[in-house]
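# Understanding the architecture of this molecule
If you want the building blocks of each chain, they are given just below.
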Amino acid sequence: MNSITGLGEFLRARRARVSPQEAGLPRTTGRRRTAGLRREEVALLAGVSIEYYRRLEQGKQNRPSPAVLEAIAGVLRLDDDERQHLFALARAASPTTGPGAPPDTAPPGRTPRRGVLRMLDIVAPCPAYLLSRSNDLLAANTPGMRLLPGIEEWPARQRNTARYTFLHPRARRLYGNWAEVAAATVAHLRAVAGAHPDAPDLTALIGELTVKSEDFATLWQRYDVRARTNGRKCFADSAVGRMDLSYEAYTVARSEGHRLIVYQAEPGTPDHDAMLLLSLTDAPSVPSAT
């Protein structure tokens, strides 16, 4: 995703979602040809010139001030994640970090620290795995691997939870709330890609999924942005039957975007009993971190 065009795409996508009434504009008669707000309406409400805002959407105004960004975020009714994404896109498009700066092409590290790997065993029997910034599966404990049946059949470098969600034939049966999981996966990738617009690991994955999955391509065009820090997943077709688990995502310090994902269930519930069974079954081979 080019950083400059990414900023323009985001602004256009978000203003299309805000109605004039939501923005506090008076109701008008007649048919509007533009979905959501017009450029001139955003400019008026944000307190900038129409030409300035037009250039911003076209990628020709690449150093907006924080005050301007805050004003635009307010007009477009952005939440905290979307606001952070807007600022990240603006930073990436600036002359000091954008086209005139060295591109973000260095491959991220994939080797976890031994202390982080020990955490996977410490949290057992709770299922847990370690992901890269692009959702590559770097390591997992026994119940964590059992949460993704069939992923062990892929080569280690191909094991990726986003790829699994959209391309593995088992995923749609596995997740009882597949549509919700899929939308959250894409929204998270949008947020990460905004912070690393030229990163080859992210652009390659996004390009692959856009080509191979119509569902992914449709969700990507919605331009939802959400940092994936916690949530729930319904495992409708797991190795131990149906279970609903909550999860928490922890950012690993001194890593290149690694996240530790830990699942849990309320003790004494059928979901907790099912979760415990995962650690008692034979585990597939744990993926290599290289």
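This report concerns the structure included in the present document. Every value quoted in this text rests on a predicted model; they were computed, and no experiment measured them.

Scoring rules and cut-offs
- Residues numbered from 1 in each chain as written.
- Predicted model: local features only at pLDDT ≥ 70, side-chain atom pairs only at ≥ 80, totals over all residues.
- Heavy atoms only, no water.
- Pairing = 2+ DSSP bridges.
- Helix = DSSP H or I, 4+ residues; strand = E, 2+ residues; numbered from the N terminus.
- Axes fitted to C-alpha atoms, helices over the stretch in contact; angles between N-to-C directions.
- Parallel < 35°, antiparallel > 145°, perpendicular 65-115°, else oblique.
- Left-handed = near helix turned anticlockwise from the far one by under 90°.
- Contact = heavy atoms within 4.5 Å.
- Nonpolar A, V, L, I, M, F, W, Y, C, P; charged D, E, K, R; others polar.
- Core = buried A, V, L, I, M, F, W, Y, C linked by side-chain atoms within 4.5 Å.
- Buried < 20%, exposed > 50% of the residue type's maximum accessible area, 1.4 Å probe, protein only.
- Polar contact = N/O pair within 3.5 Å; in protein donor to acceptor, adjacent residues only side chain to side chain.
- Salt bridge = Lys/Arg side-chain N within 4 Å of Asp/Glu carboxyl O.
- Phe/Tyr/Trp six-rings, centres within 6.5 Å; stacked < 30°, edge-to-face > 60°.
- Lys NZ or Arg CZ within 6 Å of the ring centre and 35° of its normal.

## Description of the sheet that holds strand β4 (residues 241-251)
The five strands are arranged β2-β1-β5-β4-β3 in an open sheet whose pairing can be described as antiparallel. The open sheet has two edge strands, β2 (137-140) and β3 (230-238), and neither has a second partner. Across the sheet, the mean angle separating the axes of adjacent strands is 30° when strand polarity is ignored. Here β3 runs beside β4; their pairing, made up of seven bridges, is antiparallel. By the bridge assignment, phenylalanine 235 is partnered in β4 with methionine 243.

## A closer look at the packing of helix α4 (residues 66-75) against helix α5 (residues 80-93)
Any two packed helices are characterised by the angle at which their axes cross and by the distance between the axes. Orientation of α4 relative to α5, taken along the N-to-C sense of each, is 140°, at an axis distance of 10 Å. In terms of orientation, α4 lies oblique with respect to α5. Seen from above, α4 lies across α5 with right-handed handedness. On the side of α4, the interface is formed by Pro66, Leu69, Glu70 and Ala73, while α5 contributes Arg83, Leu86, Phe87 and Ala90. Residues that form the contact of α4 with α5 fall into these classes: six nonpolar, no polar and two charged.

## A few points about the nonpolar core
Ranked by size, the top nonpolar core spans 41 residues in total, and within it Tyr129, Leu147 and Tyr175 carry the most contacts. With seven residues, helix α10 (residues 178-195) is the largest single contributor of residues to this core. Leave out the neighbours within four places in its chain, and tyrosine 175 touches Leu148, Tyr164, Thr165, Val181, Lys233, Cys234 and Phe235. Of all hydrophobic cores here, the second largest spans 28 residues; its members include Leu7, Phe10, Leu56 and Val75.

## Examining unusual backbone geometry
Cis geometry marks the peptide bond from alanine 124 to proline 125, where omega comes out at 15°. In this fold, proline 125 is placed in the loop between α6 (114-122) and β1 (128-131). At arginine 77, a position not held by glycine, the phi torsion is positive, near 55°. Looking at the secondary structure, you find arginine 77 in the loop between α4 and α5. One non-glycine residue, asparagine 135, adopts positive backbone phi at about 75°. Within the secondary structure layout, asparagine 135 lies in the loop between β1 and β2.

## Some thoughts on the pairing of β4
In textbook terms, the turn of a hairpin is the stretch between consecutive antiparallel strands, and for β3 and β4 this stretch comprises two residues. Across six bridges, the pairing between β4 and strand β5 (residues 259-264) is antiparallel. Residue pairing for β5: serine 246 is matched across the bridge by glutamine 264.

## A closer look at the side chain of glutamate 82
Take glutamate 82: it is sitting in helix α5. Within polar-contact distance, the side chain of glutamate 82 engages the side chain of arginine 14 at 2.8 Å. Residues within four places of glutamate 82 in sequence aside, it is in contact with Phe10, Arg14, Arg77, Val225 and Arg226.

## Here's the deal with the pattern of salt bridges
A complete count under the given rule lists 17 salt bridges for this structure. Of the charged contacts, one joins arginine 14 and glutamate 82 as a salt bridge, the two residues approaching to 2.8 Å between their closest N and O atoms. With arginine 14 in helix α1 (residues 3-15) and glutamate 82 in helix α5, the pair connects residues that are 68 residues apart, well separated along the chain. Arginine 14 gets classed as buried once you look at its relative accessible area, which sits at 8%. Judged by relative accessible area, glutamate 82 falls into the buried class, the value being 7%.

## Comments concerning the packing of aromatic side chains
In this structure the tally under the stated criterion is nine aromatic pairs. Centre to centre, the rings of phenylalanine 166 and tryptophan 178 are 5.8 Å apart; their planes meet at 75°, and the pair counts as edge-to-face. Of the two residues, phenylalanine 166 is situated in helix α8 (residues 161-167) and tryptophan 178 in helix α10; the sequence distance between them amounts to twelve residues. On the basis of relative accessibility, which here comes to 7%, the residue phenylalanine 166 falls in the buried class. The exposure class assigned to tryptophan 178 is buried, which follows from its relative accessible area of 12%. Ring centres of phenylalanine 216 and tryptophan 220 lie 5.7 Å apart, and the angle between their planes is 15°; this geometry places the pair in the stacked category. One end of the pair is phenylalanine 216 and the other is tryptophan 220, both in helix α12 (residues 214-222) and four residues apart, which spans about a single turn. Here phenylalanine 216 matches tryptophan 220 in class, with each residue buried. Joined through ring pairs, the aromatic side chains of Tyr129, Tyr175, Phe235, Tyr247 and Tyr263 make up one cluster. Sitting over the face of the ring of phenylalanine 87, arginine 83 holds its NZ or CZ atom 4.7 Å from the ring centroid.

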